[in-house]
Amino acid sequence: GDMGYDTPHHKYVSRVVLRLEPEAGAEATVSLSREGGEWVTEYAFTGTGDGIKTVEVRPRRCASFRIKVEGRGKCVLRSLTSVWERCSTVSPRGL
């Protein structure tokens, strides 16, 4: 489902970190959709069988977003972490 920004304290997701473990020859694509828009490929790779790949997706500020991982072959999602940052409602120049 949609990952949104309806949180107190003016926080937003600055990036989402995925740890993927693909088998050798497995192909995977990580895509992002902002506010129900079209899917944009953020990262694509072919597994070499040598361990975990770390993928960072930066959604930029938007009302909601979705992440899609698709491909061919075996690829295990080991973890998905969202990194939140705090923003201000006041302009940095005081305008």
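Values in this document were obtained by computation on a predicted structure and should not be read as measured data.

### Considerations on the pattern of salt bridges
At step 1: Taken as a whole and judged by the stated rule, the model has six salt bridges.
At step 2: The partner of E42 in a salt bridge is R34, with the nearest N and O atoms 3.9 Å apart.
At step 3: In this structure E42 comes out as partly exposed when scored by relative accessible area, which is 32%.
At step 4: The salt bridge partner of K68 is E70, with a shortest N-O separation of 3.9 Å.
At step 5: Taking the relative accessible area as the measure of exposure, K68 reaches 26% and is therefore partly exposed.
At step 6: You can call E70 partly exposed: its relative accessible area is 43%.
At step 7: It is possible to trace a salt-bridge network through shared partners that takes in R15, E56 and R58.

### With respect to the confidence of the model for the chain
At step 1: Looking at the chain as a whole, the pLDDT averages 84, with 81% of positions reaching at least 70.
At step 2: Looking across the chain, the model is least confident in strand 1 (residues 3–4), with a mean pLDDT of 51, and most confident in strand 4 (residues 40–46), with 95.

### Details of the side chain of S14
At step 1: The topology assignment puts S14 in strand 2 (residues 11–22).
At step 2: Here S14 is in contact with R58, P59, V83 and E85, once residues within four sequence places are set aside.

### Digging into the side chain of S33
At step 1: Structurally, S33 is set in strand 3 (residues 27–34).
At step 2: Since its relative accessible area comes to 3%, S33 is described here as buried.
At step 3: In terms of polar contacts, S33 uses its side chain to reach the backbone carbonyl oxygen of G37, at 2.6 Å.
At step 4: Discounting residues that sit within four places of it in the chain, S33 has contacts with E38, W39, S64, F65 and R66.

Here is what the cut-offs are and how they apply
- Residues numbered from 1 in each chain as written.
- Predicted model: local features only at pLDDT ≥ 70, side-chain atom pairs only at ≥ 80, totals over all residues.
- Heavy atoms only, no water.
- Salt bridge = Lys/Arg side-chain N within 4 Å of Asp/Glu carboxyl O.
- Buried < 20%, exposed > 50% of the residue type's maximum accessible area, 1.4 Å probe, protein only.
- pLDDT = per-residue confidence, 0-100.
- Helix = DSSP H or I, 4+ residues; strand = E, 2+ residues; numbered from the N terminus.
- Contact = heavy atoms within 4.5 Å.
- Polar contact = N/O pair within 3.5 Å; in protein donor to acceptor, adjacent residues only side chain to side chain.

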